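Residue strings, one per chain:
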Amino acid sequence: MRTEPPIVLDGVGGFLAGPANVIMQLALAPVGYGVIESKVETGQVTRHPIKRFRTTFTYISVAMWGNEQDRARYREAVNGSHRLVRSDATSPVKYNAFDPQLQLWVAACLYYGTVDVAEKLHGPIAEEQADELYEYAARYGTTLQVPQDMWPADRAAFAKYWDEVVADITIDEPVREYLRMLTTRENMPLPLRGSTRFNQWITTGFLPPRFREQMGFGWTAADEARFDRVMRRIGAVQRRLPGVLRRFPFNWFLWDLRLRIRFDRRLV
């Protein structure tokens, strides 16, 4: 049984594309409102951006590289937070963080982002590897409550599922306002914010057209050409790095999780 992805997942790609992937996840209204109305104060990105960054990257690390013990312990920890994430009488839409359909969408976004980042940095993935990656990426969902048989049967079935959901995506203004803040990284500590203009540009480059439209982000052919050049250059540098550096910080967060388990520290 495979114990790691069939391709290298570049940590820098995860960092650059992270906000775009969050936009895609939260564009599904029940997921979006579940996040912005969350009563789990310690998990709110507006108050604890570094902690939320750690827990998100740790989830990806555990899902992609973790063993069964890692996945079981992190599932238990995430479940503890998710128990409080459910709609009430004032919520615009109904949601429950344990809903496997909502978790499937989040997992689908993580898989889409994994492929998208890899291809933007390094070019098309070979068909056999692409099939292996798709099968392996079911772990994005099965690490929580998505049963294996809910994961679309193959890449063609996934494409059909993805297109059907995306066609109905509508981002409401409260969710859009929250996502704009994440796009510019203004929630991050000042030394980590970087350029607001560059942050929004790079995020827009990783968004499919439907999501750009819903966020109100413009994108031109010149933007696309420049974005492709930047990604190719980053990819060329990444391919020259040792594997341990290419995977950073995913490997670091998995090590951190195992250390937390060993010393019985809080995981999320």
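These numbers were taken from a predicted model, which means no experiment stands behind them. (Residues numbered from 1 in each chain as written. Predicted model: local features only at pLDDT ≥ 70, side-chain atom pairs only at ≥ 80, totals over all residues. Heavy atoms only, no water.)

Novice: Account for the packing of aromatic side chains, with residues named and values stated.
Specialist: Aromatic ring pairs are described here by two measures, namely the spacing of the ring centres and the angle between the planes. If you walk through the whole model with that rule in mind, you get 26 aromatic pairs. With 4.9 Å between their ring centres and 20° between their planes, W105 and W162 make a pair best called stacked. One end of the pair, W105, is in helix 5 (residues 100–122); the other, W162, is in helix 8 (residues 155–167), with 57 residues separating them in the sequence. Residue W105 shares its accessibility class with W162, and that shared class is buried. Cation over ring: R226 sits above W201, and NZ or CZ is 4.2 Å from the ring centre. (Phe/Tyr/Trp six-rings, centres within 6.5 Å; stacked < 30°, edge-to-face > 60°. Helix = DSSP H or I, 4+ residues; strand = E, 2+ residues; numbered from the N terminus. Buried < 20%, exposed > 50% of the residue type's maximum accessible area, 1.4 Å probe, protein only. Lys NZ or Arg CZ within 6 Å of the ring centre and 35° of its normal.)

Novice: Lay out unusual backbone geometry with the relevant residues and their values.
Specialist: With an omega dihedral of 10°, the bond running from F248 to P249 counts as a cis peptide bond. Within the secondary structure, P249 is located in the loop between helix 13 (243–247) and helix 14 (250–262). Of note, D264 is a non-glycine position whose phi angle comes to about 55°, a positive value. Note that D264 resides in the segment after helix 14.

Novice: Just give me the short version of the nonpolar core, but keep the residues and values in it.
Specialist: The biggest cluster of nonpolar side chains holds 76 residues, and the ones touching the most others in it are W105 and Y140. When residues in this core are grouped by element, the largest group, 12 residues, is from helix 5. Beyond its immediate sequence surroundings of up to four residues, W105 is in contact with M24, Q25, L28, V31, Y161, W162, V165, V166, I169 and F211. (Core = buried A, V, L, I, M, F, W, Y, C linked by side-chain atoms within 4.5 Å. Contact = heavy atoms within 4.5 Å.)

Novice: Describe the pattern of salt bridges, naming the residues involved and giving the relevant values.
Specialist: Applying the stated criterion across every chain, the model contains 13 salt bridges. The salt bridge partner of E127 is R155, with a shortest N-O separation of 3.1 Å. Residue E127 is located in helix 6 (residues 127–136), and its partner R155 is located in helix 8; the two are separated by 28 residues in the primary sequence. Taken together, the shared-partner salt bridges in this structure form one network comprising E127, D131 and R155. (Salt bridge = Lys/Arg side-chain N within 4 Å of Asp/Glu carboxyl O.)

Novice: Talk me through the environment of R240; I want residue IDs and the actual numbers.
Specialist: With respect to the element layout, R240 can be found in the loop between helix 12 (221–239) and helix 13. Given a relative accessible area of 70%, R240 falls into the exposed group. Among the polar contacts listed, one links the side chain of R240 to the backbone oxygen of A236, at a separation of 2.7 Å. (Polar contact = N/O pair within 3.5 Å; in protein donor to acceptor, adjacent residues only side chain to side chain.)

Novice: Talk me through the packing of helix 10 (residues 196–206) against helix 12; I want residue IDs and the actual numbers.
Specialist: It is the contact of helix 10 with helix 12, at a shortest axis distance of 10 Å, that shows an interaxial angle of 95°. Judged by the angle between their axes, helix 10 and helix 12 are roughly perpendicular. Contacts between helix 10 and helix 12 pair W201, I202, G205 and F206 from the former with D223, R226, F227, V230 and M231 from the latter. For the contact of helix 10 with helix 12, the residue count by class is six nonpolar, one polar and two charged. (Axes fitted to C-alpha atoms, helices over the stretch in contact; angles between N-to-C directions. Parallel < 35°, antiparallel > 145°, perpendicular 65-115°, else oblique. Nonpolar A, V, L, I, M, F, W, Y, C, P; charged D, E, K, R; others polar.)

Novice: Help me get a handle on helix 8, residues and values and all.
Specialist: End to end, helix 8 covers 18 Å across 13 residues, agreeing with the expected 18 Å (1.5 Å per residue, within 8%). Listing the buried residues of helix 8 in full gives F158, Y161, W162, V165 and V166. The buried residues of helix 8 occupy one face: seen down the axis, they fall within an arc of 125°. Opposite its buried face, helix 8 presents the exposed residues A156, K160, D163 and A167, each directed more than 90 degrees away. On its buried face, helix 8 sits against helix 1 (11–26), helix 5, helix 6 and helix 11 (209–215). (Expected span 1.5 Å × (residues − 1). Arc of directions from axis to C-beta.)

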